Amino acid sequence: MRNQTDPYLDIQNRITGQIGALAEALPHCALAQIVQGIDDIRCLARDNGFAAVETLASRLESAVAGGGYRAAILTYLDAMSDAAAVPRGTLSAAAHEAWLASVAVRLGH
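Computed from a predicted structure; not experimentally measured.

Peer 1: Would you mind showing me how to read the nonpolar core here?
Peer 2: Soluble globular proteins tend to pack their nonpolar side chains together in the buried interior. If you look at the biggest cluster of nonpolar residues, it comprises 32 residues, and the most contacted ones within it are Ile15, Val53, Leu56, Leu60, Leu77 and Met80. Among the secondary structure elements, those contributing two or more residues to this core are helix 1 (7-25), helix 2 (31-47), helix 3 (51-67), helix 4 (70-83) and helix 5 (93-107). Ranked by residues supplied to this core, first place goes to helix 4 with seven residues.

What follows is the structure, encoded as structure tokens:
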């Protein structure tokens, strides 16, 4: 059982906190600020073994930087919050694809 001083929970809370803060700030952010916020989340996830969050953030960062996709950002952020609850560690290629597919389903594609 994990306690409140568990470093895993601290990082998980930081990740979900940053996701929530970005989601809340979206209506008032410039595209560059959104990309920076996503990159910050991606780096935090990468540095701490949250591979599912990193995968989703990386894909979202590329999509936003490449052409907007503002409407899909909240969907990705929701998926990233869900992914933060997944045990840390590497993911198989199939798991990476499953997380990305979950976003496509949420977007209705």
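Peer 1: Can you help me understand the packing of helix 1 against helix 2 in this one?
Peer 2: For any two helices packed against each other, the geometry comes down to the angle between their axes and how far apart the axes lie. For the pair helix 1 and helix 2, interaxial distance at closest approach is 10 Å and the crossing angle is 170°. Taken together, the axes of helix 1 and helix 2 lie roughly antiparallel to each other. Packed against helix 1, whose contacting residues are Arg14, Ile15, Gln18, Ile19 and Leu22, the element helix 2 presents Ile34, Gly37, Ile38, Asp40, Ile41, Leu44 and Ala45 at the interface.

Peer 1: Which parts of the structure should I look at to understand the side chain of Gln12?
Peer 2: Topologically, Gln12 is positioned in helix 1. Once you skip the residues sitting within four places of it in the chain, Gln12 turns out to touch Phe50, Ala84 and Ala85.

Peer 1: For this particular structure, what's the right way to read the environment of Cys43?
Peer 2: Relative to the assigned elements, Cys43 resides in helix 2. Note on Cys43: relative accessible area 22%, which makes it partly exposed. Between the C-alpha atoms of Cys43 and Ala57, which are 14 residues apart in sequence, the distance is 9.0 Å.

Peer 1: What am I meant to see in helix 5 here?
Peer 2: Count 3.6 residues to each turn of an α-helix, and residues three or four apart come out pointing the same way. Taking 1.5 Å per residue, 15 residues should reach 21 Å; helix 5 reaches 21 Å between its end C-alpha atoms and fits that length. Listing the buried residues of helix 5 in full gives Trp99, Leu100 and Val103. For helix 5, the buried positions fall inside an angular range of 90° around the axis, keeping them on one side. Residues Ala93, Ala94, Glu97 and Val105 are exposed on helix 5 and point more than 90 degrees away from its buried face. Just downstream of helix 5 lies Gly108, where phi reads positive at about 80°.

Peer 1: Just checking my understanding: could you explain the packing of aromatic side chains for this structure?
Peer 2: This structure, assessed with the given rule, holds one aromatic pair. Ring centres 5.4 Å apart and planes at 15° place the aromatic pair Tyr8 and Phe50 in the stacked group. With Tyr8 in helix 1 and Phe50 in the loop between helix 2 and helix 3, this pair connects stretches of sequence that are 42 residues apart. Each member of the pair, Tyr8 as well as Phe50, is classed as buried.

Each value, and the rule that gives it
Residues numbered from 1 in each chain as written. Predicted model: local features only at pLDDT ≥ 70, side-chain atom pairs only at ≥ 80, totals over all residues. Heavy atoms only, no water. Core = buried A, V, L, I, M, F, W, Y, C linked by side-chain atoms within 4.5 Å. Buried < 20%, exposed > 50% of the residue type's maximum accessible area, 1.4 Å probe, protein only. Helix = DSSP H or I, 4+ residues; strand = E, 2+ residues; numbered from the N terminus. Axes fitted to C-alpha atoms, helices over the stretch in contact; angles between N-to-C directions. Parallel < 35°, antiparallel > 145°, perpendicular 65-115°, else oblique. Contact = heavy atoms within 4.5 Å. Expected span 1.5 Å × (residues − 1). Arc of directions from axis to C-beta. Phe/Tyr/Trp six-rings, centres within 6.5 Å; stacked < 30°, edge-to-face > 60°.

Any functional reading would require information beyond the geometric quantities listed.
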